[in-house]
Amino acid sequence: MSTTPLTTLDAIDQTLVRALCADGRASYQELGKTIGLSPTATADRVRRLVRTGVIRGFRAIVDADHIGRSVEAAIDVRLELGTDREDFVAVLRAHPVVVEAVHVTGHFDYQLRVLCSGTAELDAVLGSLKSSGIVVETATRLMLHRIPGLDPLGLALDPGPADGDGHPRCPA
């Protein structure tokens, strides 16, 4: 159960968050024009959204294809009964192609998302996981296509059109 307090966003904050999701490098002046406030008032709102945890950070989104990581896969992993979580984390950290790991319910213990240069690299990662001594079963699916315009957090009030590159739209 989460102990994070729920933050209610007013219409201005929703528009501001949506604008920052579209362009995290926009100036306070540009953002202020979008939301109808001065740059100073806009900066105050952004700082408050960061301070309260609504905005957790700003980052670049790298196109994996452009850096030679054209094979994306989901790997379900079942661990040996009694495996220490930190031992598994150490195995994952040895594989920089693992970009996400989520503890899940059901038959498998974790779902990994990997970005590989090709199927040979994916096969090597699978072999390494299985030979670690703590992974007893995997199930792998290749990602073929993302459906654009879906809200990754399910919070969008009006998701509008998808961006031209098929990236999920940011909620607000």
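What counts, and at which threshold
- Residues numbered from 1 in each chain as written.
- Predicted model: local features only at pLDDT ≥ 70, side-chain atom pairs only at ≥ 80, totals over all residues.
- Heavy atoms only, no water.
- Helix = DSSP H or I, 4+ residues; strand = E, 2+ residues; numbered from the N terminus.
- Buried < 20%, exposed > 50% of the residue type's maximum accessible area, 1.4 Å probe, protein only.
- Contact = heavy atoms within 4.5 Å.
- Areas by Shrake-Rupley, 256 points an atom, 1.4 Å probe, with all protein chains shown as cover.
- Phe/Tyr/Trp six-rings, centres within 6.5 Å; stacked < 30°, edge-to-face > 60°.
- Salt bridge = Lys/Arg side-chain N within 4 Å of Asp/Glu carboxyl O.
- Pairing = 2+ DSSP bridges.
- Axes fitted to C-alpha atoms, helices over the stretch in contact; angles between N-to-C directions.
- Parallel < 35°, antiparallel > 145°, perpendicular 65-115°, else oblique.
- Left-handed = near helix turned anticlockwise from the far one by under 90°.
- Nonpolar A, V, L, I, M, F, W, Y, C, P; charged D, E, K, R; others polar.

What about the overall build of the chain?
At step 1: Counting secondary structure elements, the chain contains five helices and four strands.
At step 2: Traced from its N-terminal end to its C-terminal end, the chain shows the element sequence α-α-α-β-α-β-β-α-β.
At step 3: Residues classed as buried in the chain amount to 30% of the 172 residues present.
At step 4: Intrachain contacts of the chain at a sequence separation of at least 6 include 60% that bridge at least 24 residues.
At step 5: Carbon and sulfur atoms make up 54% of the accessible area of the chain, which totals about 11500 Å².

Observations concerning the packing of aromatic side chains
At step 1: According to the stated counting rule, one finds one aromatic pair in the structure shown.
At step 2: Taking 4.8 Å as the distance between ring centres and 40 degrees as the angle between the ring planes, the aromatic pair formed by Phe 88 and Tyr 110 counts as tilted. With Phe 88 in helix α4 (residues 85-93) and Tyr 110 in strand β3 (residues 110-116), this residue pair connects regions lying 22 residues apart in the sequence.
At step 3: Assessed through its relative accessible area of 8%, Tyr 110 is described here as buried.

With respect to the pattern of salt bridges
At step 1: Following the criterion strictly, the structure yields ten salt bridges and no others.
At step 2: Among the ionic pairs, Arg 47 bridges to Asp 44, the shortest N-O distance being 2.8 Å. Here Arg 47 and its partner Asp 44 are both found in helix α3 (residues 39-51), three residues apart, which amounts to about one turn of the helix.
At step 3: Taking the relative accessible area as the measure of exposure, Asp 44 reaches 43% and is therefore partly exposed.
At step 4: Shared partners join several salt bridges into a network, and the residues in it are Asp 10, Asp 13, Arg 45 and Arg 48.

A closer look at the pairing of β3
At step 1: Most of β3 sits inside the fold, with five of its seven residues counted as buried.
At step 2: Relative to β3, strand β1 (residues 71-79) runs antiparallel, the two being bridged by seven bridges. Bridge pairing in β3 links Glu 72 to Leu 115.
At step 3: As judged from the five bridges shared by strand β2 (residues 98-103) and β3, these two strands associate in the antiparallel manner. Its bridge partner being in β3, Ala 101 is matched across the sheet by Leu 112.
At step 4: Counting the residues between successive antiparallel strands, the hairpin from β2 to β3 contains six residues, one of them, Gly 106, with a positive phi of roughly 105 degrees.

Some remarks on the packing of helix α1 (residues 11-22) against helix α2 (residues 28-35)
At step 1: Viewed as axis vectors pointing N to C, α1 and α2 meet at an angle of 135 degrees, and their least axial separation amounts to 9 Å. In terms of axis orientation, α1 runs oblique to α2. In this structure, α1 crosses over α2, and the sense of that crossing is right-handed. Only Leu 31, Thr 34 and Ile 35 of α2 make contact with α1, whose side of the interface consists of Ile 12, Thr 15, Leu 16, Ala 19 and Leu 20.
At step 2: When the residues that make up the contact of α1 with α2 are grouped by side-chain class, the tally is six nonpolar, two polar and no charged.

Brief notes about the sheet that holds β3
At step 1: Read across the open sheet, the four strands follow the order β2-β3-β1-β4; overall the sheet is antiparallel. At either end of the open sheet lies a strand with only one pairing partner, and these are β2 and β4 (135-142). The mean inter-strand angle of the sheet, taken between neighbouring strand axes irrespective of direction, is 20 degrees.
At step 2: Along the sheet, α4 makes contact with β1, β2, β3 and β4, crossing β3 at roughly 10 degrees.
At step 3: Packed onto the sheet, helix α5 (residues 119-131) meets β1, β3 and β4 and runs at close to 160 degrees relative to β4.

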